[in-house]
Amino acid sequence: MREKPPVRRQGNVLHDDFAEKVDSSCQGGRGGSARAQWSMLKTTSIMMVAGEASGDLAGGQLLQELKAAQPGLRAVGVGGRCMRGAGLEALDDVSHLAVIGFVEVAGAAVRLRRLSRRLVEHMRSEKPAALVLIDYPGFNLRLAKRARALGVRVVYYISPQVWAWGAGRIPLIARLVDRMIVVFPFEKELYEGTGLDVDFVGHPLLDRLPSVNDRGAARAELGISGEGPVIGLLPGSRKREVRTHLPVMLEAARLVAEKRPECAFVLPCADPLGRELFDSQLQRFGEGLRITVVRGKTHEAIIASDMVLVASGTATLECACLERPMLIVYRVSLLTWLFVKHLIRLPYIGLVNIVAGRRIVPEFLQFDARPGRIAGRALELLGDAGERERTVEALREVRRALGEPGASRRAARVVLSAIGGKDDG
């Protein structure tokens, strides 16, 4: 696929070069004038489906750019606060899909099937110009199959993690998807030879990172006092993740504080979750800790920290981009773990290590995710300035690999070109 030209912008709106391309593409006898078809495109509708908080963030950014380019575009589907804020007409909330692990998904199967039928019926009656799927492959690939049967174009944003689970799903994905938009540079190569159009746009988290990375200013903003080290605690954005990871992190924090009483801790409560969930865990496991709890403000909490205990997921990339050393912690149900460990094709699961292509930060998974082991490694890292600096340098390489800011704008351009039925090159 040839090199994509840069997107020209006027303020916050994509330039009219795409409109010109649609006009020219309509000259070949599709019926009606080019301008009439362009007017139809501006008032068309799409369906968007995200299944978890990170997908809602990416979907919200994408929809903002789509609306900026085509204000008349209508979007319906499944999303959360971010996508609704960007203009999504929500048929259901992302929280109803945000389950994790095979046991948990099985328990939600009836609800998920009911939602799938509702979405299919909407596609059948409304016939959207495209179905835009955001990650969450277990649900979304089945929905893609139904969309193809109805003649609805399928655009997939943020590829299923075929690099972790093996290549067996790639032929299926290529059959079901019209356009794949990937956020990691190595993903494009995985689909070579399948006939699937794939575009690497960079990672959307780069579009929402703060422009200032000032540790002192972040501590002042969050009300963290003292001169000692600060450790961030990021247990995840799902309720089950918080219930599973936060007790382990708090117990590890207690062990660190016993050796380094000058240490303070900061815990950002994920926006989709209620403060009560965090408070109940703090009452049981956090008594006596110097811990600052903040609502949201995850980036500020990372910046304020000298290191972070973080659940595996997109948050590891946020820590990498903000150049904070981390320890990755992750647990799932025993049954899920016994099933998953035979499927994982990589020697690590943290996105930051996967992008780096090597283990640059430690991972404490399942049975290794014990407070004593985590605390011991945290103390070693706090006490070794040389290792911290080497880690930061490796994290800078990860950020460079994620591309340039503007991923959401580039992804919107791909979606619009898919709706227009033309390659955007």
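Provided above is the structure to which this section pertains.
First, a word on what this report is: a plain description of the structure on this page. (Residues numbered from 1 in each chain as written. Predicted model: local features only at pLDDT ≥ 70, side-chain atom pairs only at ≥ 80, totals over all residues. Heavy atoms only, no water.)

Counted residue by residue, helix α15 (residues 314–321) has seven buried out of eight residues, so it is predominantly covered. Once α15 ends, the next one or two residues include E323, with phi positive near 60°. (Buried < 20%, exposed > 50% of the residue type's maximum accessible area, 1.4 Å probe, protein only. Helix = DSSP H or I, 4+ residues; strand = E, 2+ residues; numbered from the N terminus.)

So, on to the pairing of strand β10 (residues 230–234). With respect to burial, β10 is a largely interior element, five of its five residues being buried. Here β10 pairs with strand β11 (residues 264–269) via three bridges, running parallel. The residue bridging V230 from the neighbouring strand is A264, located in β11. Handedness of the crossover joining β10 and β11 through helix α12 (residues 239–259): right-handed. Strand direction decides the pairing type here: β10 and strand β13 (residues 307–311), joined by four bridges, are parallel. Across the sheet, the residue bridging to L233 is L309, located in β13. (Pairing = 2+ DSSP bridges. Right-handed = clockwise from strand over helix to strand, strands pointing away.)

Let's shift gears to a nonpolar patch on the surface. On the surface, L334, L338 and F367 cluster together into a nonpolar patch covering about 290 Å² of accessible area. Along the chain, L338 falls in helix α16 (residues 334–340). (Patch = residues over 30% accessible without salt bridge, like charges linked within 9 Å, V, L, I, M, F, W, Y side chains within 5 Å. Areas by Shrake-Rupley, 256 points an atom, 1.4 Å probe, with all protein chains shown as cover. Salt bridge = Lys/Arg side-chain N within 4 Å of Asp/Glu carboxyl O.)

Here we take up the sheet that holds strand β5 (residues 89–93). The strand order across the open sheet built from seven strands is β5-β4-β3-β6-β7-β8-β9, with neighbouring strands paired in parallel fashion. Because the sheet does not close on itself, it has two edges, and the strands there are β5 and β9 (197–200). In this sheet, adjacent strand axes meet at a mean angle of 15° when their direction is disregarded. Bridging between strand β8 (residues 179–182) and β9 involves four bridges; their strand directions are parallel. Across the sheet, residue R179 finds its bridge partner in β9, namely D197. Here helix α7 (residues 137–149) sits on the sheet in contact with β3 (45–50), β6 (130–134) and β7 (153–157), set at roughly 170° to β6. (Axes fitted to C-alpha atoms, helices over the stretch in contact; angles between N-to-C directions. Contact = heavy atoms within 4.5 Å.)

Within the secondary structure, V94 is located in the loop between β5 and α5 (102–107). The class for V94 is buried, based on a relative accessible area of 8%. Separated by 17 residues in the primary sequence, V94 and G77 have C-alpha atoms spaced 9.7 Å apart. Not counting residues up to four positions away in its chain, the partners in contact with V94 are A50, G51, E52, A53, V78, G79 and G80.

The subject of this paragraph is the nonpolar core. Among the nonpolar cores identified, the biggest contains 69 residues, and I46, M48, L62, L66, Y157, M326 and V352 are the most heavily contacted of them. Among the elements that make up this core, the one with the highest residue count is helix α20 (residues 407–420) (eight residues). If sequence neighbours within four positions are ignored, L62 has contacts with M48, V132, Y157, S408, A411, A412 and V415. Judged by nonpolar contacts, the second largest core, of 33 residues, contains V49, L112, L131 and V177. (Core = buried A, V, L, I, M, F, W, Y, C linked by side-chain atoms within 4.5 Å.)

This part takes up the sheet that holds strand β15 (residues 363–365). Across the sheet, which stays open at both edges, the six strands sit in the order β12-β11-β10-β13-β14-β15 with parallel pairing between neighbours. Taken across any chain shown, the strands that pair with only one partner, and hence form the sheet edges, are β12 (291–295) and β15. Each adjacent strand pair in this sheet contributes to an overall mean axis angle of 20°, direction not counted. As paired elements, β13 and strand β14 (residues 326–330) share four bridges and run parallel to each other. From the neighbouring strand, L309 faces β14, where its bridge partner is L327. Relative to the sheet, helix α18 (residues 371–382) contacts β10, β13, β14 and β15, its axis offset from that of β14 by approximately 170°.

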